[in-house]
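Overview (structure and organization)
If you want the building blocks of each chain, they are given just below.
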Amino acid sequence: MTVQNFLFRLFLIGPLFLTGCSSINIEEYKDKSPELVLEEFFDGDLTAHGVVKDWSGKVIRHFNADIKAYWREGVGVLEEDFVFDDGEKQRRVWTLTPDGSGNYIAEANDVVGPANALVSGNALFMQYVLRAPYKDGTIDLTIDDRMYLVSPSVIVNESKMKKFGVSVGQVLLTIVKK
């Protein structure tokens, strides 16, 4: 193998090793405040405001959403109604079921299978597969969703989207409790 070939391979593969070693654990936020208590924050009317970025970081859409959040027999329900800048409307309804360990099982109408919602300190992390509209059909995207309570009435949320392990976009949004 030539030096040029070695450097070329290192350039292509090296970032994969660095990415694999840089995973952030939810427990790193256990002492961060304000403490995120889902039953308190996700109760009542909320709004969300955000942008969708493509793989290069370019903003390709923006949106606003109204969220009705409530708890019934210990299970949380988030009814999210999105309106995008091009007029498209989407509805997602999440259920949050406590799992007995302080975390939750999260399910939604356009999510493939249940997601584990991990809560620690001011943070909530979820990974799931989102079945999103694409052209004349749908596409399954792996979502790494991270939320941070930054004040008693504001959550900052970043969601990284991947397909076949490759980054295809990101959603940045703020959720505000009315």
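Just so it is clear, the model here is predicted, and its values are computed rather than measured. (Residues numbered from 1 in each chain as written. Predicted model: local features only at pLDDT ≥ 70, side-chain atom pairs only at ≥ 80, totals over all residues. Heavy atoms only, no water.)

The final tally for this structure, using the stated rule, is eight salt bridges. Here Arg61 and Glu88 are joined by a salt bridge, their closest N and O atoms 2.6 Å apart. With Arg61 in strand β2 (residues 59-72) and Glu88 in the loop between β3 (75-84) and β4 (89-98), this pair connects stretches of sequence that are 27 residues apart. The partly exposed category is assigned to Glu88, whose relative accessible area is 27%. Where Asp81 meets Arg91, a salt bridge forms, and the shortest distance between an N and an O atom there is 2.7 Å. On the criterion of sequence distance, the pair formed by Asp81 in strand β3 and Arg91 in strand β4 is long-range, its members being 10 residues apart. Take Asp81: its relative accessible area is 34%, and that puts it in the partly exposed class. (Salt bridge = Lys/Arg side-chain N within 4 Å of Asp/Glu carboxyl O. Helix = DSSP H or I, 4+ residues; strand = E, 2+ residues; numbered from the N terminus. Buried < 20%, exposed > 50% of the residue type's maximum accessible area, 1.4 Å probe, protein only.)

Moving on, we get to the nonpolar core. By size, the foremost hydrophobic cluster in this structure holds 37 residues, and its most contacted members are Leu38, Phe41, Phe42, Trp94, Tyr128, Ile155 and Ile175. If one sorts the elements of this core by residue count, strand β8 (residues 123-134) sits on top with five residues. Sequence-distant contacts of Leu38, defined by excluding residues within four places in its chain, comprise Trp71, Leu96, Tyr104, Val119 and Leu124. Grouped together as the second largest cluster of nonpolar side chains are five residues, Ile26, Tyr29, Ala123 and Phe125 included. (Core = buried A, V, L, I, M, F, W, Y, C linked by side-chain atoms within 4.5 Å. Contact = heavy atoms within 4.5 Å.)

Our next topic: the environment of Asn116. Locating Asn116 in the fold gives a position in strand β7 (residues 115-120). Asn116 sits 13 residues away from Asn103 along the chain, and the two C-alpha atoms are 7.4 Å apart. Those residues in contact with Asn116 that lie beyond four places of it in its chain are Tyr104, Ile105, Phe125, Met126 and Gln127.

Bringing the packing of aromatic side chains into the picture now. Under the criterion given, the structure shown has nine aromatic pairs. When the ring of Phe125 is compared with that of Tyr148, the centres are 6.1 Å apart and the planes differ by 80°; the resulting orientation is edge-to-face. Taken together, the positions of Phe125 in strand β8 and Tyr148 in strand β9 (residues 137-151) put the pair 23 residues apart, joining distant regions of the chain. Both residues of the pair, Phe125 and Tyr148, belong to the buried class. Clustering of aromatic rings is evident, with ring pairs tying together Tyr29, Phe125 and Tyr148. Note that Arg146 overlies the ring of Phe125, its terminal NZ or CZ placed 4.4 Å from the centroid. Cation over ring: Lys163 sits above Phe164, and NZ or CZ is 4.7 Å from the ring centre. (Phe/Tyr/Trp six-rings, centres within 6.5 Å; stacked < 30°, edge-to-face > 60°. Lys NZ or Arg CZ within 6 Å of the ring centre and 35° of its normal.)

Moving on to the pairing of strand β11 (residues 166-177). Examined bridge by bridge, strand β1 (residues 44-54) and β11 share nine bridges and lie antiparallel to one another. Paired with His49 across the strands is Thr174, a residue of β11. As judged from the 10 bridges shared by strand β10 (residues 154-163) and β11, these two strands associate in the antiparallel manner. Looking at β11, one finds that Lys163 is bridged to Val166. In this antiparallel pair of consecutive strands, β10 and β11, the connection spans two residues, and Phe164 shows a positive phi of 55°. (Pairing = 2+ DSSP bridges.)

It is worth spelling out the confidence of the model for the protein chain at this point. Overall, the predicted model of the protein chain reaches an average pLDDT of 89, with 87% of residues at or above 70. Put simply, helix α1 (residues 3-21) is where the protein chain has its lowest mean pLDDT, 42, and β2 is where it has its highest, 98. Scored below 50 in pLDDT, residues 3-22 makes four contacts in the model with residues more than four places away or belonging to other chains. (pLDDT = per-residue confidence, 0-100.)

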